[in-house]
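# A structural walkthrough
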Amino acid sequence: MAEPVQTPQASFPPRIFSGIQPSGGLTLGNYLGALKRFVEKQEEGIETIYCMVDMHAITVWQEPEKLRQQTREGAAAFIAAGIDPARSILFNQSQVTAHVELGWIFNCIARMGWMSRMTQFKDKAGKNSENVSLGLFAYPSLMAADILAYKATHVPVGEDQKQHLELTRDIAIKFNNDYGVNFFPVVEPVIEGAATRVMSLRDGTKKMSKSDPSDQSRINLTDDADTIAKKIRKAKTDPEPLPDTLDGLKDRPEARNLVNIYAALAGHTPEQVIRDYAGAQFGTFKPALADLAVAKLEPITLEMNRLMQDPAEIDRILGQGADRADAIARPIVDQVYDIVGMIRSRRG
């Protein structure tokens, strides 16, 4: 084994990568926690690569046609939210084989102990861990490959993905150390914004989720303006007015959630929202939030609907994105094969 190698981040040009599972039913939480932030990163002038991770999706059973539909819907949401396929790279994971090739290399770098500590696997598998797919257990190493196939330096992630990003960092460091190279960057998480974790409209202690039995718990990106407004007006709150400081929301999760949502939609801080609405009753605050949510989300819904009328165009955009992604990832994975010691015939 080679001597440990330090990995100076300055040697890697900044590049952002992030992926989202095409699981369907995108919500306000997906928009504020991911899509809106992706668009903001696109505007910063850093190279941005965004991926529909359809291979991650099949770690649990997916009906094939539904998976295709949901992948297109996810891509439509990216574009409708403001991702420009000419400025960012937008594609679906399965079209770029470098992901699974590097994923296998990383399966051999990662340690069983590391994988066993992944809390998300424990949460998803529950008491049925002997019967879930091997892919569900091993997919964090594929996630690492998604990122490092592009030598991405920064990844916007939600709180629930921080542990997987730590694993990506561990894999990059171990690969560099094992082979005595300064090849992979040690990626940095990007966790920012007022509503990186949007909570249920019915229970402020639970994350907004498409799997919640109550449709009133979430705002779907496919909801029309009237539905959005009604859901916000019916959102659970408490009888107290909004306080004049954030500390006053400490034990009021539903109120804090609505303030965070307003702040994220408006591009303000929660402190600014509290200053603007200190002392206001929810009879005043909710209609203002409903108007803001409709103004921000209705154009996205309408554009998603328009895009979904032309699936061939979405497929064309994803295909072009895959070609651009492959042009970056293929040479990187070829270099990995050389570093690891693989003999390959150079055809084509």
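Treat the numbers as computed from the prediction; the structure is a model and nothing was measured. (Residues numbered from 1 in each chain as written. Predicted model: local features only at pLDDT ≥ 70, side-chain atom pairs only at ≥ 80, totals over all residues. Heavy atoms only, no water.)

## Regarding unusual backbone geometry
Even without glycine at this site, Lys151 takes up a positive phi of about 50°. With respect to the helices and strands, Lys151 occurs in the loop between helix H7 (134-148) and strand E4 (154-156). Assessed through its relative accessible area of 18%, Lys151 is described here as buried. (Helix = DSSP H or I, 4+ residues; strand = E, 2+ residues; numbered from the N terminus. Buried < 20%, exposed > 50% of the residue type's maximum accessible area, 1.4 Å probe, protein only.)

## Looking at the side chain of Thr71
If you trace the backbone, Thr71 turns up in helix H3 (residues 64-81). Excluding residues that lie within four positions of it along the chain, Thr71 makes contacts with Pro22, Met52, Asp54, Asn92 and Leu318. (Contact = heavy atoms within 4.5 Å.)

## Examining the pattern of salt bridges
Scanning the entire structure with this criterion turns up 19 salt bridges. Where Arg15 meets Glu47, a salt bridge forms, and the shortest distance between an N and an O atom there is 2.7 Å. Here Arg15 is found in strand E1 (residues 15-20), whereas its partner Glu47 is found in strand E2 (residues 47-52), with 32 residues between them in sequence. Among the residues examined, Arg15 registers a relative accessible area of 16% and is labelled buried. Looking at Glu47, the relative accessible area reads 34%, which means it is partly exposed. For Asp315, the salt bridge is made with Arg72, and the minimal N-O distance between the two is 2.8 Å. Taken as a pair, Asp315 in helix H13 (residues 311-340) and Arg72 in helix H3 lie far apart in primary sequence, 243 residues in all. Using a relative accessible area of 33% as the deciding quantity, one classes Asp315 as partly exposed. Counted as one network, the salt bridges with shared partners bring together Glu101, Arg330, Asp334, Asp338 and Arg344. (Salt bridge = Lys/Arg side-chain N within 4 Å of Asp/Glu carboxyl O.)

## Here we look at the nonpolar core
If you look at the biggest cluster of nonpolar residues, it comprises 61 residues, and the most contacted ones within it are Leu28, Tyr31, Phe78, Ile261, Leu265 and Phe285. The greatest single-element share of this core, amounting to twelve residues, is contributed by helix H12 (residues 282-308). Here Tyr31 is in contact with Lys36, Arg37, Ala81, Leu221, Leu265, Leu297 and Ile300, once residues within four sequence places are set aside. (Core = buried A, V, L, I, M, F, W, Y, C linked by side-chain atoms within 4.5 Å.)

## Digging into the pairing of strand E3 (residues 89-92)
Burial along E3 is two-sided: the residues Ile89 and Phe91 and Leu90 and Asn92 are all buried. Sheet analysis places E2 next to E3, joined by four bridges and oriented parallel. What sits directly across from Ile49, in E3, is Ile89. (Pairing = 2+ DSSP bridges.)

## Describing the confidence of the model for the chain
Taken residue by residue, the chain gives an average pLDDT of 90. The fraction at 70 or more is 93%. When pLDDT is averaged over each element of the chain, E3 comes out on top at 98 and helix H6 (residues 119-125) at the bottom at 71. (pLDDT = per-residue confidence, 0-100.)

## Here we look at the pairing of E2
Among the six residues that make up E2, five are buried, leaving the element largely enclosed by the rest of the structure. Assessed by its sense of winding, the connection that carries the chain from E1 through helix H1 (residues 28-42) to E2 is right-handed. (Right-handed = clockwise from strand over helix to strand, strands pointing away.)

## What to know about the environment of Val333
Relative to the helices and strands, Val333 resides in helix H13. A C-alpha to C-alpha distance of 57 Å links Val333 and Pro241, two positions 92 residues apart in sequence. If near-sequence neighbours (up to four positions away) are discounted, Val333 is found in contact with Ala98, Glu101 and Leu102.

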